[in-house]
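Residues per chain are reported as follows:
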Amino acid sequence: MGPGWIVMLADVDAPSILTAMQSGYYLGYLMIPWLILITIPLYFIQELTIRLAIGSGKGIGEVLKERYGELVALASLTAMVVIDGAAYIGEYSAIAAVGLMLGIPVAVSVLLAITLHSLIIAFAGRYKAVENMLLAISALILVYLAAFAVFRLDYGGVAQAFSAMFSPKTYSSGYVTLLAANIGAAVMPWMLYYQSSAIVDKGLKPQHYTHERFETAIGAIVSEVLMIAGVIVGYVIRARGGDVDGFESALKSIMGIMGAGWFYAASIGLIAAALLAIFVISMGFAYGFGEFLGRSGFRNRFSSAKEFYIFYLIEVVPAAVIVLASPDLARLIIDIMVFNSIALAIPLILLVKLTSDKGIVGGFAIGKARAYVLYALALIVLALGIYAIV
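1. Notes on the packing of aromatic side chains
Under the defined criterion, the tally for this structure stands at 12 aromatic pairs. Geometrically, the ring pair formed by Tyr29 and Tyr235 is tilted, given 4.8 Å between the ring centres and 45° between the ring planes. On the criterion of sequence distance, the pair formed by Tyr29 in the loop between α2 (14-27) and α3 (32-56) and Tyr235 in helix α12 (residues 209-239) is long-range, its members being 206 residues apart. By relative accessible area, Tyr235 is classed as partly exposed at 37%. With a centroid separation of 5.0 Å and 70° between ring planes, the pair formed by Tyr43 and Phe44 is classed as edge-to-face. For Tyr43, a relative accessible area of 13% translates into the label buried. Taking the relative accessible area as the measure of exposure, Phe44 reaches 35% and is therefore partly exposed. Above the plane of the ring of Tyr25 lies Arg238, whose end atom (NZ or CZ) is 5.4 Å from the centre.

2. Side note on the side chain of Asp11
Mapped onto the fold, Asp11 is located in helix α1 (residues 3-11). The buried charged residue Asp11 lacks any salt bridge partner; its closest oppositely charged side chain belongs to Arg370, at an N-O distance of 15 Å. Not counting residues up to four positions away in its chain, the partners in contact with Asp11 are Ser16, Leu42, Ala185, Ala186, Val187, Met188, Trp190, Met191, Ser223 and Glu224.

3. Side note on the nonpolar core
Counting 144 residues, the largest nonpolar core has Tyr92, Leu134, Tyr194, Leu270, Leu276 and Phe298 as the members making the most contacts within it. A total of 19 residues in this core trace back to one element, the largest contributor, which is helix α14 (residues 260-293).

4. Remarks on a nonpolar patch on the surface
A cluster of nonpolar side chains, Leu37, Ile40 and Phe44, forms an exposed patch at the surface whose accessible area comes to about 260 Å². Its location among the elements puts Ile40 in helix α3.

5. Let's talk about the packing of α3 against α12
In the contact formed by α3 and α12, the axes pass within 9 Å of each other and the chain directions differ by 150°. With respect to α12, the element α3 is oriented roughly antiparallel. Between α3 and α12 the crossing geometry is right-handed. Two secondary-structure elements touch here, α3 through Ile32, Leu35, Ile36, Ile38, Thr39, Leu42, Tyr43, Gln46, Glu47, Ile50, Arg51 and Ile54 and α12 through Tyr209, Glu212, Arg213, Thr216, Ala217, Ala220, Ile221, Ser223, Glu224, Met227, Ile228 and Val231.

6. Some remarks on empty space enclosed by the protein
Per the stated rule, a full pass over the model turns up 4 cavities of 30 Å³ or more. When its volume is computed, the largest cavity comes out at roughly 130 Å³. As for the largest cavity, its lining consists of Val143, Tyr144, Ala146, Ala147, Val150, Phe151, Val233, Ile254, Met258, Trp262, Ala265 and Ala266. Sorting the residues of the lining of the largest cavity by element identifies α8 (147-150), α13 (247-258) and α14 as the ones contributing at least two each. Examining the composition of the lining of the largest cavity, we find that 3 residues originate from one element, α14, more than from any other. Surrounding the second largest cavity, Ile17, Leu18, Met21, Tyr144, Phe247, Ala250, Leu251, Ile254 and Leu270 form its lining. Residue assignment for the lining of the second largest cavity shows that the elements contributing at least two residues are α2 and α13. No other element matches α13, which puts 4 residues into the lining of the second largest cavity. Of the residues in the lining of the second largest cavity, the class split is 9 nonpolar, no polar and no charged.

7. Topic: the pattern of salt bridges
Under the defined criterion, the tally for this structure stands at 8 salt bridges. Its salt-bridge partner being Lys128, residue Glu131 comes within 2.8 Å of it at the nearest N-O pair. In this pair, Glu131 and Lys128 are both assigned in helix α7 (residues 127-141), 3 residues apart and thus about one turn of the helix distant. Notably, a salt bridge pairs Glu248 with Lys252, separated by 3.7 Å at the nearest N-O pair. One end of the pair, Glu248, and the other, Lys252, are both in helix α13, 4 residues apart, so they sit about a helical turn from each other. Three or more residues joined by partner-sharing salt bridges are found here, namely Glu47, Arg51, Arg213 and Arg370.

8. Describing the environment of Val176
Turning to its location among the elements, Val176 is positioned in helix α10 (residues 173-186). On the basis of relative accessible area, Val176 is assigned to the buried category, the value being 4%. Taking the C-alpha atoms as reference, Val176 lies 25 Å from Gly241; in sequence the two are 65 residues apart.

9. Some words on the side chain of Glu131
Given a relative accessible area of 1%, Glu131 falls into the buried group. The contacts of Glu131, once residues within four sequence positions are left out, are Met1, Gly2, Pro3, Ile6 and Lys202.

10. A short note on the packing of helix α5 (residues 70-101) against α14
α14 packs onto α5 with a crossing angle of 160° between their chain directions and a minimal axis gap of 9 Å. In terms of axis orientation, α5 runs roughly antiparallel to α14. Where α5 crosses over α14, the two elements pack in a sense that is left-handed. Here the residues of the contact of α5 with α14 are counted per class, giving 24 nonpolar, 4 polar and 3 charged.

Criteria and thresholds
- Residues numbered from 1 in each chain as written.
- Predicted model: local features only at pLDDT ≥ 70, side-chain atom pairs only at ≥ 80, totals over all residues.
- Heavy atoms only, no water.
- Phe/Tyr/Trp six-rings, centres within 6.5 Å; stacked < 30°, edge-to-face > 60°.
- Helix = DSSP H or I, 4+ residues; strand = E, 2+ residues; numbered from the N terminus.
- Buried < 20%, exposed > 50% of the residue type's maximum accessible area, 1.4 Å probe, protein only.
- Lys NZ or Arg CZ within 6 Å of the ring centre and 35° of its normal.
- Lys, Arg positive; Asp, Glu negative; His and termini not counted.
- Salt bridge = Lys/Arg side-chain N within 4 Å of Asp/Glu carboxyl O.
- Contact = heavy atoms within 4.5 Å.
- Core = buried A, V, L, I, M, F, W, Y, C linked by side-chain atoms within 4.5 Å.
- Patch = residues over 30% accessible without salt bridge, like charges linked within 9 Å, V, L, I, M, F, W, Y side chains within 5 Å.
- Areas by Shrake-Rupley, 256 points an atom, 1.4 Å probe, with all protein chains shown as cover.
- Axes fitted to C-alpha atoms, helices over the stretch in contact; angles between N-to-C directions.
- Parallel < 35°, antiparallel > 145°, perpendicular 65-115°, else oblique.
- Left-handed = near helix turned anticlockwise from the far one by under 90°.
- 1 Å grid on protein atoms, 1.4 Å probe; cavity = no way out; pocket = protein on both sides within 12 Å on 5 of 7 lines; lining within 4 Å.
- Points joined across faces, edges and corners; volume = space filled by probe spheres on them.
- Nonpolar A, V, L, I, M, F, W, Y, C, P; charged D, E, K, R; others polar.

Below, the structure is given as C-alpha cells:
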C-alpha cells in the first residue's frame, strides 16, 4: 500500500463523512447509486496522476511550470491555497466537535491537531516512515464499514433509488445540491497534487505502474463504500429522530441511538479522517510549491528542502485560527463541497492535457477518446456545481 490507498482514504475526510450522512438524512438512499457510479470517474481521474508521475518522473507542480510557465503553475497553486483552506476548516471543525463531546476545549483540540501535524518534521528524510504513519491512520477510518453490520441495508430501497435517477421529478434543488456536494467530496484538487508527487517521492518506476493502478482502484472502491456507509448512518439517524445538522449533532445522535461504544468508535474514525486529510492536503500543497521552487519531498532532509517543510507547516495555520475564532462552521460543509466540484475543473483539464502529451509522459499518454470524455466530465461537473449555487 502507498500513495494510491492513502489518497483515496484521505478523500473520505471528515466533511465528506458529514456530507454522506446529510445525504442519507435528507434523501434516504437516493444518493447511493451516484456514489457507486462516482467510483468510476474517481479512479480514472486519479489514474492520470500515476501516468504523469511515472511517465515524466515529476509531480504536477514541476510539470505545469515546465510546460505552461511560472504564471500558470503559480495561479494553480494559489487557487489550491483557497481550496485547501476551506477543507482545513471542515477538518478542524470535526476535531473540535469530538473534543467538545469529550469535554475538551476547542483550543486544546485544535492545538493538539496542529502539534501532531508538525511532528511529521521528525521524519524528514524518511519518506517510508511518513507513509507508514499515514497508512496506520487510514486504517482507523475503516470503522465506518461497521454500519453495514449494524444496520440492515434495504436493497429494495437501493433499487428504487436507481429507478429515481431516471425521473426528472427527482432532481429538486436539494437533490442537485447534494449531488454536486458528493461529487465535490469525491475528487478534490489537492488529491491530484498529492498522488503524483508522492509517487515521485517514493521513487516508483514504470514497473510499479500496474500495482499503483490496482491500489488506486481498490482505494476508490473502499472510499465510496465508506461514503455509502455514511449515507446509511444518516438515514437511520433520521428514522430514529436524530439530527445531522453538524458534526456535534451527528455525534450526539450516534450516542443516543447506538450507544457510547459506537459513539467512541465513530469519534475515532472521524478524528482519523480529519487528521489524515490534514496531513495529505498540506503535503499536496507543500509538494506543489516545493516543486515550483525546485526541491520537494520527504526523501530530502530539512536542510536541503526548507521551503517544502515550511510550506507544509504554515498552510494549516490560518484555518486553525478561523476555527478557534468561530468553531461552528460545519454548517458550511455542503457549500464547501459544492465549491470543490467547481474548483476541480481547471486542474483536471490541465492534467488531461498533460497526460495526453507523449512528449511529457511517453508511452503512458492517454488517447484522444479518453481525453474528450474527461474534458466533457470536467465541464459537466463545473456546470452542475454552478447550477447548485445559483
